[in-house]
Amino acid sequence: MTNDTLQLGQQTQAPESPETARLDRVPNPHPDQDYLARFTVPEFTSLCPVTGQPDFAILVIDYVPDRWLVESKSLKLYLGAFRNHGAFHEDCTVGVGRRLVDLLAPRWLRIGGYWYPRGGIPIDVFWQTGAPLPSVWLPDQGVPPYRAR
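In this text, all values refer to a predicted model and were calculated from it rather than measured experimentally.

Explain the nonpolar core to me, please; I cannot follow it from the model alone.
The nonpolar side chains of soluble globular proteins are, as a tendency, buried together. The biggest cluster of nonpolar side chains holds 27 residues, and the ones touching the most others in it are Phe 44, Val 70, Tyr 78, Leu 79, Val 96 and Leu 100. Contributing elements (two or more residues each) for this core: β2 (37–47), β3 (54–64), β4 (68–70), α1 (72–80), α2 (89–104) and β5 (108–115). The element that contributes the greatest number of residues to this core is α2, accounting for five residues.

I'm lost on unusual backbone geometry in this one. Help?
Unlike most non-glycine residues, Ala 105 shows phi in positive territory, near 45 degrees. Inspection of the secondary structure assignment puts Ala 105 in the loop between α2 and β5.

Just to check I follow, could you spell out α2 for this structure?
Every α-helical turn comprises 3.6 residues, leaving residues that sit three or four positions apart pointing alike. Here α2 is 16 residues long and its end C-alpha atoms lie 23 Å apart, about the 22 Å a rise of 1.5 Å per residue gives. Looking at α2, one finds that the buried residues are His 89, Cys 92, Thr 93, Val 96, Gly 97, Leu 100, Leu 103 and Leu 104. End-on view of α2: buried residues confined to an arc of 135 degrees, all on one side of the axis. In α2, the exposed positions that point more than 90 degrees away from the buried face belong to Arg 98 and Asp 102. Taken from the residues just after α2, Ala 105 is the one with a positive phi, measuring 45 degrees.

What should I look at first to understand the sheet that holds β3 in this one?
Backbone hydrogen bonds are what pair the strands of a sheet, in a parallel or an antiparallel way. What the four strands build is an open sheet, ordered β2-β3-β5-β6; its pairing is antiparallel. Since the sheet does not close on itself, it has two edges, and those belong to β2 and β6 (124–128), each with one partner. Here the average twist between neighbouring strands, direction ignored, is 15 degrees. Looking at chain direction, β5 and β6 are connected through five bridges and run antiparallel. Across the sheet, the residue bridging to Ile 111 is Trp 127, located in β6. The strands that α2 touches are β2, β3, β5 and β6; relative to β5, the one it contacts most, it runs at about 160 degrees.

I would appreciate a short explanation of the packing of aromatic side chains in the present structure.
One pair of aromatic rings is described through two measures. These are the centre distance and the angle between the planes. Going through the model one piece at a time under the given rule, you end up with five aromatic pairs. Aromatic pair Phe 44 and Trp 115: ring centres 5.7 Å apart, planes at 90 degrees, arrangement edge-to-face. Taken together, the positions of Phe 44 in strand β2 and Trp 115 in strand β5 put the pair 71 residues apart, joining distant regions of the chain. Geometrically, the ring pair formed by Tyr 78 and Phe 82 is edge-to-face, given 5.4 Å between the ring centres and 80 degrees between the ring planes. Judged by its relative accessible area of 5%, Phe 82 is buried.

Looking at this model, I keep getting lost on the environment of His 89. Mind explaining?
The topology assignment puts His 89 in helix α2. On the basis of relative accessibility, which here comes to 1%, the residue His 89 falls in the buried class. Separated by 40 residues in the primary sequence, His 89 and Thr 129 place their C-alpha atoms 18 Å from one another.

Which parts of the structure should I look at to understand the pairing of β2?
Sheet topology note: the β2/β3 ladder contains nine bridges and is antiparallel. Its bridge partner lying in β3, Leu 47 is registered against Pro 54. The antiparallel hairpin formed by β2 and β3 contains six residues in its connecting segment, where Gly 52 sits at a positive phi of about 80 degrees.

Criteria and cut-off values
- Residues numbered from 1 in each chain as written.
- Predicted model: local features only at pLDDT ≥ 70, side-chain atom pairs only at ≥ 80, totals over all residues.
- Heavy atoms only, no water.
- Core = buried A, V, L, I, M, F, W, Y, C linked by side-chain atoms within 4.5 Å.
- Buried < 20%, exposed > 50% of the residue type's maximum accessible area, 1.4 Å probe, protein only.
- Helix = DSSP H or I, 4+ residues; strand = E, 2+ residues; numbered from the N terminus.
- Expected span 1.5 Å × (residues − 1).
- Arc of directions from axis to C-beta.
- Pairing = 2+ DSSP bridges.
- Axes fitted to C-alpha atoms, helices over the stretch in contact; angles between N-to-C directions.
- Contact = heavy atoms within 4.5 Å.
- Phe/Tyr/Trp six-rings, centres within 6.5 Å; stacked < 30°, edge-to-face > 60°.

Function cannot be read off these values alone, since they describe shape.
Right, here's the structure in full:
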């Protein structure tokens, strides 16, 4: 993908939904190295598909790239598209992880969705593609268990 076909560096309209959002990828400049890349999304929002009320989460996405990196502006626009999207916590969290895996074919990926309480119960959702790679330092995701975050 060339720079003129990326959303990066261009005025881009916010997508109407996660399904219509475009995720861009760029070549990994270090495909011969195992390393961890992390995106922390402290203000992720979606809508409850039953009540239409907003849900809030902290998403932490860790991945070990192979040939591709996700371009961060497109990721921001994609994640922002959930703001008016109705889906359960599990669907949002796992859906984001699977979409990134489909786009990037990383060596490894995990996502933690740390959701604020709905109905008085916090729901945390975790998904990963397999066992972590032994060659990669894997720090804690840094979000404490729910205690009035």
